[in-house]
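Residues per chain, in single letters:
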Amino acid sequence: MCPDRSVTHVSVGTLLGGQDPQIPENFRSLTAPNHVAYRERRLPHWDIIGSPLFVTFRLFGSLPVNRDFPTLHLTSGKAFVAIDRVLDGAVSGPQYLRRPEIAELVVASLHDGQDRFQRYDLHSYVIMPNHVHMLVTPHVIATKWLGPLKGFTAHEANRILNRAGQHFWNDESYDHLVKSGVEFDRIMSYIENNPVKAGLAATPESYRWSSAATNLT
């Protein structure tokens, strides 16, 4: 097993590529311990408990090195959109999540985080061939839900693949604080329509590894 030693988070700003806010206006009234502010790499991250969060994490080595985190020249929102487009169209690099038994492992683990461990409310998700999108409302800080989620699934997936000790997930994860209402609905639609946009399914409901197929509420 080679678990993620640290879970690094990067705000992706607005989903459609706007400027990165310091913190969304509707979150400014929150006080500790509801939010924890810190900076890793070049971008701020706000780890807020009890507010919706859009999270994306990807397989280790799923992006070409020269396309990895182009944040020097783009806002984080635009960088996210560019990276997600590359991931959706990837014809090389690892795509272990295409394997049904690994996709099933990740889906089960996402549900366990909500149903068994009560670490978050799971609103929507999709397991793409090389990355995962999820919309959650955390009940604990990210190191107590995203770290265990990535660590456990990495260990079990590597066991299935007979590649113990190898990196499975990329250390860096992306997150974006989500306002209720229109933005929440837009991001849920973005997540569940990702397989359609990538040409993997005709409809969101027909893609097996998605909350759209499981009628998640």
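Residues numbered from 1 in each chain as written. Predicted model: local features only at pLDDT ≥ 70, side-chain atom pairs only at ≥ 80, totals over all residues. Heavy atoms only, no water.

A. Broad picture of the packing of helix α2 (residues 100–115) against helix α3 (residues 146–161). For the pair α2 and α3, the least separation of the axes is 10 Å and the interaxial angle reads 160°. Comparing their axes, α3 and α2 come out roughly antiparallel. When the axes of α2 and α3 are compared, the crossing they make is right-handed. For the pair formed by α2 and α3, the contact residues are E101, I102, L105, V106, S109 and L110 on the first element and L149, F152, T153, E156, A157, I160 and L161 on the second. In terms of residue class, the contact of α2 with α3 is made up of 9 nonpolar, 2 polar and 2 charged. (Axes fitted to C-alpha atoms, helices over the stretch in contact; angles between N-to-C directions. Helix = DSSP H or I, 4+ residues; strand = E, 2+ residues; numbered from the N terminus. Parallel < 35°, antiparallel > 145°, perpendicular 65-115°, else oblique. Left-handed = near helix turned anticlockwise from the far one by under 90°. Contact = heavy atoms within 4.5 Å. Nonpolar A, V, L, I, M, F, W, Y, C, P; charged D, E, K, R; others polar.)

B. View of the pairing of strand β5 (residues 120–127). Buried residues dominate β5, accounting for 7 of its 8 residues. Bridging between β5 and strand β6 (residues 131–138) involves 7 bridges; their strand directions are antiparallel. The residue of β6 that forms the bridge with D121 is T137. Joining the antiparallel neighbours β5 and β6 is a turn of 3 residues. (Buried < 20%, exposed > 50% of the residue type's maximum accessible area, 1.4 Å probe, protein only. Pairing = 2+ DSSP bridges.)

C. Quick look at unusual backbone geometry. The backbone of Q118 sits at a positive phi, close to 55°, despite the residue not being glycine. Phi angles above zero are rare outside glycine, and N162 is one such case at about 55°. If you trace the backbone, N162 turns up in the loop between α3 and β7 (172–177). Look at N162 and you get exposed, because its relative accessible area is 72%.

D. Spatial organisation of helix α4 (residues 182–197). The largest bend in α4 amounts to roughly 35° and is located at I191, with the proline P195 lying one to four residues further along. In the segment just after α4, G199 is the residue with positive phi, at about 80°. (Bend = angle between axes of the 7 residues up to and from the residue.)

E. Up close: α2. Over its 16 residues, α2 runs 22 Å from end to end, which matches the ideal 22 Å to within 8%, given 1.5 Å per residue. Residues of α2 that are buried include every one of I102, A103, L105, V106, V107, S109, L110, H111, G113 and Q114, and no others. The inward-facing, buried residues of α2 abut β5, β6 and α3. (Expected span 1.5 Å × (residues − 1).)

F. Quick peek at the side chain of T137. Looking at the secondary structure, you find T137 in strand β6. Engagement of the side chain of T137 in a polar contact is seen with the side chain of H123, the distance being 2.7 Å. Each residue touching T137, except ones within four places of it in the same chain, is listed here: G50, S51, P52, Y120, D121 and H123. (Polar contact = N/O pair within 3.5 Å; in protein donor to acceptor, adjacent residues only side chain to side chain.)

The analysis is restricted to geometry; functional conclusions fall outside its scope.
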